[in-house]
2 protein chains.
Amino acid sequence: MGSDRLTVREIARLAGVSVATVSRVSNGVGQVSEETRRRVQRAIEEHGYRPDHLGRALAAGRHGAVGLVFPGLSGPYFSELIQGFEAEAVHTRTSVHILCTHLRDDSDAEVVEMARRVDGLAVFGGTVSPDTLRELAKLVPVVVLAGEGPPGMPSVRAENVAAATALTRHLLADHGLRGLVFVGDPRNSPDVTGRWEGFRAAHRQLGLPAPRAPLRVGLEQHDGVFAAEQLLSRAAPPRGVVCANDETALGMLVGAAARGVRVPADLVVTGFDDIPMAALVSPALTTVRQPVRELAGRTARLLLRAAAGEAGGPDAALVLPTDLVVRRSCGCPAPTGAGTATARRPATGHRPTTDHTTTEHDPTAAGRRPAAGARSTR
Amino acid sequence: MGSDRLTVREIARLAGVSVATVSRVSNGVGQVSEETRRRVQRAIEEHGYRPDHLGRALAAGRHGAVGLVFPGLSGPYFSELIQGFEAEAVHTRTSVHILCTHLRDDSDAEVVEMARRVDGLAVFGGTVSPDTLRELAKLVPVVVLAGEGPPGMPSVRAENVAAATALTRHLLADHGLRGLVFVGDPRNSPDVTGRWEGFRAAHRQLGLPAPRAPLRVGLEQHDGVFAAEQLLSRAAPPRGVVCANDETALGMLVGAAARGVRVPADLVVTGFDDIPMAALVSPALTTVRQPVRELAGRTARLLLRAAAGEAGGPDAALVLPTDLVVRRSCGCPAPTGAGTATARRPATGHRPTTDHTTTEHDPTAAGRRPAAGARSTR
DNA sequence: TTGAAAGCGTTACCAA
DNA sequence: TTGGTAACGCTTTCAA
């Protein structure tokens, strides 16, 4: 178990030098004669010495780690987010600690606790209260991911309102649908708030009466099934639903199928995020693509720069563009579909990567091909 | 941002006492006169002083944190695992740091790096090499989660082989199916290895020829769709597939539906894990339930005890029992199904919690009901 | 009951 | 090029 930890002093003694010299060698800084360096190096390697983190951090006044705070981790969206973030952090040799607050009531305290162990914090929108966010910012640099913080706090998010507006307008104007229902809880997260916002804006812009209240459910697949049960057992089920994310929409598809409700003939369903499954179900899901990877990457860069003590640029609130992805679940015909100005249509059927133009390498494409011998997730 | 951190010295000066007294008060140890205690307490609260973690950890020689190492985070399985682990850790005021190694080639080094920042490590089976595992164990206490480590290393896992055997026997013997295909990569993780093992054992036990090689795909939903494409485009598609987990099975269902293949009439599909969606799809998924929450809880308790320096008991490799859950996707009739000895059948249709006897509180049940005003995941 | 001082393991400054 | 030593912020003896 916890073997005899060796210290700089120990190595110094063994190599017959001072601790200062050992520190210089192990960090590769300062001037050390070739001969001494070799001697110290040998002692280090021979005993497998690695400087203790606590000591180092205490002396440096830095932890060499940043925190990533999420409410939960369900689904490919978060998975991708984390991957994008870590890919960036690895460059600066900064380790990333993930904290899931879940729904615990003392979660804000937990986040504050974490703030004391890291050099910076990326907090997912809606995870902690604005007050706590301000408190955190007094301790360490904070960047809000997929949301907005108090004025002046840097944040990175995807454009939700306009995309949701375009999507909803597509259903209302191009498909002539009425009585649409928004499935998701706008209080859930800033993302959902924005999508609900756009949903309403579309109605307003077209001079239609305001839509009814949203069906407030969570963002996981089974929440969508639950929503389908609710909606489809009504006397007059809606002709279309705009789901807060793809997973809910997939669940909706499942629930509809279970009741023999045909999509899109009887019910139109749309999602949000464009996760890999969105293009694989039938009918393929009309949705909005957001640059998840870049979202995470930009957040990481912003945070890492701030955590390193470099003056934060004037970049306050970054908003990344999104794309409407029109597929079949909205009622558009298979290969060529009527779309809005921003719509990009599927070229072929079943490959999410080639469905629409992507600006960056999409790792899910590689993931789908089961490369023999490669270790896969889990 | 990083405001003037106050130190113990500062507070001592303000309260007109020594640092030792401040330390005693802030930790609630030792003897301090009521009067002094109040004065120090006031200074502490007035300035919002909280002892620095690094200093404290350095003095104590402990980090007050443990690490949780996963290959990735896709799906409800990991989500549940993390939640279960953290629920246990919160009791001991230990914070949990999650590390996702993804598929990076330098991930073993990353794990070693993390080992130097925590008091103990729970490593998901198959995430790091046995050699690295041994190296880690030299630095901190290690518990393997959902797998087994080198001899002597504590581990907690679910019973896979017998469950997979029972499941497969059910298909072979009770349903008379032949030419089954195992969908999943046994090299992926110990869990999958065990399931493949059981799959083969069932064939052996019934005196049937050994099954063909598994269709090696990942464990996410889209991997199942991919597998369906592969299998169903063959000249002679299989009559049944045993999927390595529920998500793959759900993807298989989607892929089958897209091709007009009926389940279970044309194709029998089974999963593993019993995630919430398993009971909600139609046909509902025949699968194996594993006590994910308890898996995580036991791992946490084992690790936390070891991390606290308490002598680890004689508990080497814990194996938790699993349950075969027979639903419709295997071909059993809806309400009452032919089952094996261990089978527990659904009582009603659509509530995973009540589908089969569970020994502990199932948080997904609460999660499914969208409690108005409650913050939901993400 | 309180305080002075010695660590904890590292880095970095200042002399030598 | 090296070594001594003072931080870093805290806990914890040991005396008073």
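Just so we're clear, the structure is a prediction, and the values are computed from it rather than from any experiment.

K.L.:
Would you mind showing me how to read the confidence of the model for chain A here?
P.N.:
Reading fine detail from the predicted coordinates is not recommended where pLDDT is low. Looking at chain A as a whole, the pLDDT averages 86, with 86% of positions reaching at least 70. Segment residues 336-378 of chain A: pLDDT under 50, and 103 contacts once partners within four positions in sequence are set aside and those in other chains are kept.

K.L.:
Would you take a moment to explain the protein's contact with DNA strand D for this structure?
P.N.:
If you check the shell around DNA strand D, you find 26 residues, and the closest are A:S33, A:T36, B:V8, B:N27 and B:Y49. Protein-adjacent atoms of DNA strand D, using a 4 Å cutoff, are sugar or phosphate at a proportion of 64%. In the model, a phosphate oxygen of DNA strand D is placed 3.0 Å from a nitrogen or oxygen of the A:S18 main chain. At the level of elements, α2 (19-27) and α4 (53-60) of chain A together with α1 (8-15), α2 (19-27) and α4 (53-60) of chain B are the ones that each hand at least two residues to the surface near DNA strand D.

K.L.:
I tried to follow the packing of α4(A) against α4(B) on my own but got confused; where do I start?
P.N.:
Interaxial distance between α4(A) and α4(B) falls to 9 Å at its minimum, and their mutual angle equals 145 degrees. Taken as a pair, α4(A) and α4(B) cross one another with a handedness that is left-handed. Counting all contacts with α4(A), which are made through A:L54, A:G55, A:A57 and A:L58, the residues of α4(B) involved are B:L54, B:G55, B:A57 and B:L58. Class assignment for the residues of the contact of α4(A) with α4(B) results in 6 nonpolar, 2 polar and no charged.

K.L.:
It is not clear to me how the pattern of salt bridges should be interpreted in this structure. Could you clarify?
P.N.:
When the charged atoms of two side chains lie near each other, side chains of opposite charge can form a pair. Residues and elements named next belong to chain B. For the structure on display, the rule yields 38 salt bridges over all chains. We note a salt bridge from D119 to R62, for which the minimum N-O separation is 3.6 Å. Highlighted residues: D119 in the loop between α6 (107-115) and β3 (121-124) and R62 in the loop between α4 and β1 (65-70), separated in sequence by 57 residues. By relative accessible area, which is 38% here, R62 ends up partly exposed. The salt bridge involving D274 is made with R327; its shortest N-O contact spans 3.0 Å.

K.L.:
Looking at this structure, how should I read the interface of chain B and chain A?
P.N.:
Counting from both sides, the interface comprises 84 residues of chain B and, opposite them, 84 residues of chain A. Taking both sides of the interface into account, the surface hidden between chain B and chain A amounts to around 7600 Å²; carbon and sulfur atoms contribute 54%. Between the two partners, chain B and chain A, sit 2 salt bridges. Measuring nitrogen to oxygen at the nearest pair gives 3.4 Å for the salt bridge that ties A:R50 to B:E113. Across the contact surface, chain B and chain A share 21 residue pairs in polar contact (both at pLDDT 80 or more). In terms of residue count, helix α5 (residues 75-89) of chain B provides more of the side of chain B that touches chain A than any other element does, 7 residues in total. For the side of chain B that touches chain A, the class distribution of residues is 33 nonpolar, 30 polar and 21 charged.

K.L.:
Would you mind going over the sheet that holds strand β7 (residues 240-243) of chain B with me for this structure?
P.N.:
Whenever strands of a sheet pair, they do so through backbone hydrogen bonds, lying parallel or antiparallel. Residues and elements named next belong to chain B. The 3 strands lie next to each other as β6-β7-β8, forming an open sheet whose pairing is parallel. What marks the edges here is a single partner per strand, and that holds for β6 (181-183) and β8 (268-270). Across the sheet, the mean angle separating the axes of adjacent strands is 20 degrees when strand polarity is ignored. Bridge count between β6 and β7: 3 bridges; the pairing is parallel. Opposite V183, over in β7, you have C243 as the bridge partner.

K.L.:
Quick question: what am I supposed to make of the sheet that holds strand β8 (residues 268-270) of chain A here?
P.N.:
Residue and element names in this part refer to chain A. Taken in spatial order, the 3 strands line up as β6-β7-β8 in an open sheet, and their pairing is parallel. Strands with a single pairing partner mark the edges of an open sheet, and in this sheet they are β6 (181-183) and β8. Across the sheet, the mean angle separating the axes of adjacent strands is 20 degrees when strand polarity is ignored.

K.L.:
Even after reading the chapter, I still don't get the nonpolar core, so can you show me in this structure?
P.N.:
Considering soluble globular proteins, one finds that nonpolar side chains tend to be buried as a cluster. Counting 60 residues, the largest nonpolar core has A:F70, A:L81, B:F70 and B:L81 as its most contacted members. What A:F70 contacts, discounting residues up to four positions off in sequence, is A:F78, A:L81, A:I82, A:I98, A:L99, A:C100, A:T101, A:H102, A:F124, A:T127 and A:L145. Grouped together as the second largest cluster of nonpolar side chains are 28 residues, A:L232, A:A249, B:V225 and B:V254 included.

K.L.:
What should I look at first to understand the packing of aromatic side chains in this one?
P.N.:
Between two aromatic rings, the relevant description is the distance of the centres plus the angle of the planes. This model, assessed by the stated rule, comprises 16 aromatic pairs over all chains. Taken together, a centroid distance of 5.5 Å and an interplanar angle of 50 degrees make the contact between B:F182 and B:F199 tilted. Here the residue B:F182 occupies a position in strand β6, and B:F199 occupies one in helix α9 (residues 190-205), the gap between them amounting to 17 residues. Taking the relative accessible area as the measure of exposure, B:F199 reaches 0% and is therefore buried. Aromatic rings pair up to connect A:F70, A:Y77, A:F78 and A:F124 into one cluster.

K.L.:
Sorry if this is basic, but what is going on with the packing of helix α1 (residues 8-15) of chain A against α2(A) here?
P.N.:
Residue and element names in this part refer to chain A. For the pair α1 and α2, interaxial distance at closest approach is 8 Å and the crossing angle is 100 degrees. By the angle class used here, α1 and α2 are roughly perpendicular. Across from V8, R9, I11 and A12 in α1, the residues of α2 making contact are V19, V22 and S23. When grouped by side-chain class, the residues that make up the contact of α1 with α2 number 5 nonpolar, 1 polar and 1 charged.

K.L.:
Explain the protein's contact with DNA strand C here, please?
P.N.:
Inspection of the region around DNA strand C gives 25 residues, with A:V8, A:Y49, A:D52, B:S33 and B:T36 positioned closest. Each atom of DNA strand C within 4 Å of the protein was assigned to sugar, phosphate or base; sugar and phosphate come to 66%. Interatomic distance of 2.5 Å between a backbone N/O atom of A:V8 and a phosphate oxygen of DNA strand C. Here a base nitrogen of DNA strand C and a side-chain polar atom of B:R24 are 2.9 Å apart. In terms of residue class, the surface near DNA strand C is made up of 11 nonpolar, 9 polar and 5 charged.

K.L.:
When you look at helix α10 (residues 221-232) of chain B in this model, what are you seeing that I'm missing?
P.N.:
Three or four residues apart is the spacing at which side chains of an α-helix point the same way, because the helix has 3.6 residues per turn. Residue and element names in this part refer to chain B. In a regular helix each residue adds 1.5 Å, so 12 residues correspond to 16 Å; α10 covers 17 Å between its end C-alpha atoms and thus fits that length. Taken across its 12 residues, α10 has 10 buried, putting it largely inside the fold. Restricting attention to buried positions, one finds in α10 the residues Q221, H222, D223, G224, V225, F226, A227, A228, L231 and L232.

K.L.:
Can you help me understand the relation of the copies chain B and chain A in this one?
P.N.:
Between the two copies of the chain lies a rotation about an axis combined with a shift along it. Each copy superposes on the other: chain B lies on chain A with an RMSD of 0.1 Å after a rotation of 180 degrees and an axial shift of 0.1 Å. Seen this way, the second copy is the image of the first under a two-fold rotation axis. Mapped onto chain A, 99% of the interface residues of chain B again fall at the interface, so both copies present the same surface.

K.L.:
What should I look at first to understand unusual backbone geometry in this one?
P.N.:
Residues other than glycine predominantly adopt negative phi, and peptide bonds predominantly adopt the trans conformation. Cis geometry is adopted by the peptide bond preceding B:P264, which originates at B:V263 and carries an omega value of 5 degrees. Along the chain, B:P264 turns up in the loop between α11 (246-258) and β8. Across the junction of B:S282 and B:P283, the peptide omega takes the value 0 degrees, indicating a cis bond. The residue B:P283 is located in the loop between β8 and β9 (287-289) in this model. Positive phi outside glycine occurs at A:A146, with the angle close to 60 degrees. By the secondary structure assignment, A:A146 is in the loop between β4 (142-145) and β5 (155-158).

K.L.:
Just checking my understanding: could you explain the pairing of strand β10 (residues 317-320) of chain A for this structure?
P.N.:
In regular strands, side chains alternate between the two faces of the sheet. Residues and elements named next belong to chain A. Here β10 shows one buried face, formed by L318 and L320, and one open face, formed by A317 and V319. Across 4 bridges, β5 lies against β10 in parallel orientation. By the bridge assignment for β10, R157 is matched with V319.

K.L.:
Sorry if this is basic, but what is going on with the UniProt feature "domain: HTH lacI-type" (unreviewed entry) in chain A here?
P.N.:
Taking the numbering used here, the UniProt-annotated feature "domain: HTH lacI-type" (unreviewed entry) corresponds to residues 6-60 of chain A. Between the C-alpha atoms that bound residues 6-60 of chain A the distance is 20 Å, and the span itself is 71% helix and 0% strand.

Each value, and the rule that gives it
Residues numbered from 1 in each chain as written. Chains lettered and ligands numbered in written order. Predicted model: local features only at pLDDT ≥ 70, side-chain atom pairs only at ≥ 80, totals over all residues. Heavy atoms only, no water. pLDDT = per-residue confidence, 0-100. Contact = heavy atoms within 4.5 Å. Near = heavy atom within 4 Å. Polar contact = N/O pair within 3.5 Å; in protein donor to acceptor, adjacent residues only side chain to side chain. Helix = DSSP H or I, 4+ residues; strand = E, 2+ residues; numbered from the N terminus. Axes fitted to C-alpha atoms, helices over the stretch in contact; angles between N-to-C directions. Left-handed = near helix turned anticlockwise from the far one by under 90°. Nonpolar A, V, L, I, M, F, W, Y, C, P; charged D, E, K, R; others polar. Salt bridge = Lys/Arg side-chain N within 4 Å of Asp/Glu carboxyl O. Buried < 20%, exposed > 50% of the residue type's maximum accessible area, 1.4 Å probe, protein only. Buried area = accessible area lost by both parts, 1.4 Å probe. Pairing = 2+ DSSP bridges. Core = buried A, V, L, I, M, F, W, Y, C linked by side-chain atoms within 4.5 Å. Phe/Tyr/Trp six-rings, centres within 6.5 Å; stacked < 30°, edge-to-face > 60°. Parallel < 35°, antiparallel > 145°, perpendicular 65-115°, else oblique. Expected span 1.5 Å × (residues − 1). Least-squares fit on C-alpha atoms with pLDDT ≥ 70 in both. UniProt positions renumbered as here; feature names shortened; annotations may be inferred.

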